[in-house]
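Remarks on the overall topology
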Amino acid sequence: MIYLVFPYCKTDQDIKNKTCKKCGEVIPKDRKSYKVVVSYNYKRVIRRVPTLELAKEIEIKIKSELISGEYFDRKQKRKEDMLMNDFFYNIYLPHAKQDKKTWADDESAFRIWVSPIIAKNPLSEVSQMDIEKIKKFMADNNKSPRTIQKTLTILKHVFNVAIDFGYLAKDNPVRKVKLPKPNNMRIRFLTVDEANKFLDLAKQKDNTLYEMCVLSLYCGLRFGEIANLHYSDIDLENERLYIRNPKNQTARVVYMPEIIKEIMAQKKSANKDSTNDSLLYLNKAGKKYDEIIRKKFNAIVNQLGLNNGISDPRQKVVFHTLRHTFASWLAIQGTPIYTIKELMGHKSLAMTERYAHLIPDIKKEAINSLTKNRLLPS
């Protein structure tokens with residue numbers, strides 16, 4: 001079907017009409033345009049053209065291509081010929097900004113590591129070898145296995161979106177590339193003496209820093225979880241804290257030891273005017289804490305010399321070391337690994353198994369108990 005598009009009210013009408021049936025205006029000869037609508041096999045194509053002659057030609061051409069299947073084949077080819085840079089910035093990034101909190105990380109990784117290698121490659125021509133070149137480019141620039149893994153994971157997601165949106169008809173080229181396996185498991189934890197010295201200094205220098213450190217050390221909270229605590233998350237009666245927006249997106253309950261209960265009771269008492277929706281910790285600007293507290297943390301670490309002579313990042317004391325210390329101390333005292341998993345808020349048991357070597361050898365004790373109880377011959 002071919003329709004005359006009236007310029008004033010934007011309605012589609014019979015091509016023989018000289019006056020708009022809706023607004024009554026007469027259409028000027030130099031303002032005419034036409035809409036071509038072709039439907040075939042539940043598929044519909046619409047084109048807008050300036051002349052009736054062209055509209056008739058396009059109608060016949062589209063009908064023929066729809067019947068032969070050539071129309072959508074050519075349309076798909078145009079999509080797959082889109083350059084990598086164009087797809088990322090014009091299609092993927094606007095989508096990521098709506099759905100991903102970490103879209104800025106995606107943009108940064110693509111701009112620095114991906115774009116220099118495959119920016120001008122058509123989507124359909126990006127190969128497994130191109131992805132290997134990105135890996136080598138990053139390795140040659142001394143990037144860690146973890147950074148390479150993260151970048152390739154982002155790129156894999158970009159191609160998945162291209163497939164989902166119909167811009168790519170072949171397999172994801174990142175899928176067959178072997179991702180590096182980083183070994184960035186943090187292995188350092190504080191001794192009781194180190195922890196006490198640290199907390200003593202923190203209490204002298206900054207009470208907020210002290211409270212945040214205690215929350216991490218005795219409840220195993222991440223920095224972001226502490227910064228996001230609200231007054232409504234405190235349940236003094238049941239001695240619980242509610243962690244509603246953790247890193248793994250699964251809310252959990254944290255049990256308060258006496259030292260935490262005292263701190264929370266004092267905060268509630270001193271801030272009776274605060275609403276339940278108020279954050280527990282606000283900086284001087286009245287906003288959520290960020291890296292500032294970490295700088296104060298590092299100053300105490302340096303004062304105590306906890307990182308002196310240590311080059312391995314996994315051995316260095318950072319704020320997250322307090323959470324790691326919490327889990328390590330639980331393991332040392334014989335806490336079951338599954339209980340540690342639940343208290344840490346880990347998604348999988350594999351994440352908690354790093355602490356298993358610290359748990360006393362209960363397997364040996366179990367066998368010895370059999371002989372003691374005469375269940376096995378001694």
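See above for the structure.
Notes on the structure in this doc start here.

Reading guide: rules and limits
- Residues numbered from 1 in each chain as written.
- Predicted model: local features only at pLDDT ≥ 70, side-chain atom pairs only at ≥ 80, totals over all residues.
- Heavy atoms only, no water.
- Helix = DSSP H or I, 4+ residues; strand = E, 2+ residues; numbered from the N terminus.
- Buried < 20%, exposed > 50% of the residue type's maximum accessible area, 1.4 Å probe, protein only.
- Contact = heavy atoms within 4.5 Å.
- Areas by Shrake-Rupley, 256 points an atom, 1.4 Å probe, with all protein chains shown as cover.
- Core = buried A, V, L, I, M, F, W, Y, C linked by side-chain atoms within 4.5 Å.
- Pairing = 2+ DSSP bridges.
- Salt bridge = Lys/Arg side-chain N within 4 Å of Asp/Glu carboxyl O.
- Axes fitted to C-alpha atoms, helices over the stretch in contact; angles between N-to-C directions.
- Left-handed = near helix turned anticlockwise from the far one by under 90°.
- Expected span 1.5 Å × (residues − 1).
- Polar contact = N/O pair within 3.5 Å; in protein donor to acceptor, adjacent residues only side chain to side chain.

This paragraph deals with the overall build of the chain. Within the chain, the regular secondary structure consists of 15 helices and seven strands. Within the chain, the fraction of its 378 residues that count as buried is 37%. Restricting to contacts in the chain with at least 6 residues of sequence separation, those with at least 24 account for 57%. Of the roughly 22,800 Å² of accessible surface on the chain, 50% is carried by carbon and sulfur atoms.

This part is about the nonpolar core. L215, M264, Y281 and F297 are the most contacted members of the largest nonpolar core, which totals 39 residues. Sorting the residues of this core by element identifies helix 7 (192–205), helix 8 (207–219), helix 9 (223–227), strand 6 (240–243), helix 10 (258–270), helix 11 (292–304) and helix 12 (320–332) as the ones contributing at least two each. Examining the composition of this core, we find that eight residues originate from one element, helix 8, more than from any other.

A few words now on the pairing of strand 6. The alternating pattern of strand 6 places L241 and I243 on a buried face, while none of R240 and Y242, on the opposite face, is buried. Here strand 5 (residues 234–235) runs beside strand 6; their pairing, made up of two bridges, is antiparallel. In the sheet register, D235 faces strand 6, and the bridge partner there is R240. Count of turn residues in the strand 5/strand 6 antiparallel hairpin: four residues, of which E239 carries a positive phi of about 55°. The pairing of strand 6 with strand 7 (residues 252–255) spans four bridges and is antiparallel. Bridge assignment links R240 to a residue of strand 7, and that residue is Y255.

The next point concerns the environment of I46. Its place among the elements puts I46 in strand 4 (residues 43–49). The sequence separation of I46 and I2 amounts to 44 residues, and the corresponding C-alpha distance is 9.8 Å. The residues contacting I46, other than those within four sequence positions of it, are K35, V36 and V37.

The subject of this paragraph is the pattern of salt bridges. One pass over the structure, following the stated rule, counts 14 salt bridges. Across the pair D206 and K296 runs a salt bridge, and its minimum N-O distance is 2.7 Å. In this pair, D206 is assigned in the loop between helix 7 and helix 8 and K296 in helix 11, connecting sequence segments 90 residues apart. R244 serves as the salt-bridge partner of D233, at 2.5 Å between the closest nitrogen and oxygen. With D233 in the loop between helix 9 and strand 5 and R244 in the loop between strand 6 and strand 7, this residue pair connects regions lying 11 residues apart in the sequence. Assessed through its relative accessible area of 46%, R244 is described here as partly exposed.

Positive phi outside glycine occurs at N142, with the angle close to 60°. Looking at where N142 falls in the secondary structure, it is placed in the loop between helix 5 (128–140) and helix 6 (145–164).

Moving on, we get to the sheet that holds strand 5. Taken in spatial order, the three strands of this open sheet run 5-6-7, and their pairing is antiparallel. Every other strand in the sheet has two partners, leaving strand 5 and strand 7 as the edge strands with one partner each.

With that settled, the discussion passes to the packing of helix 8 against helix 10. Where helix 8 contacts helix 10, the two axes come as close as 10 Å, and the packing angle between them is 140°. Note on packing geometry: the crossing formed by helix 8 with helix 10 is left-handed. Here Y210, E211, V214, L215, Y218 and C219 of helix 8 come into contact with helix 10, specifically with I259, I260, I263, M264 and K267.

Turning to helix 8, a few remarks are in order. Taking 1.5 Å of rise per residue, 13 residues should cover 18 Å, and helix 8 covers 18 Å from first to last C-alpha, within 8% of that figure. Burial runs high along helix 8: 10 of the 13 residues are buried. Residue D206 occupies the N-cap position of helix 8, its side-chain oxygen lying 3.0 Å from the main-chain nitrogen of T208. Of the residues flanking the end of helix 8, it is G220, one or two places downstream, whose phi is positive at about 70°.

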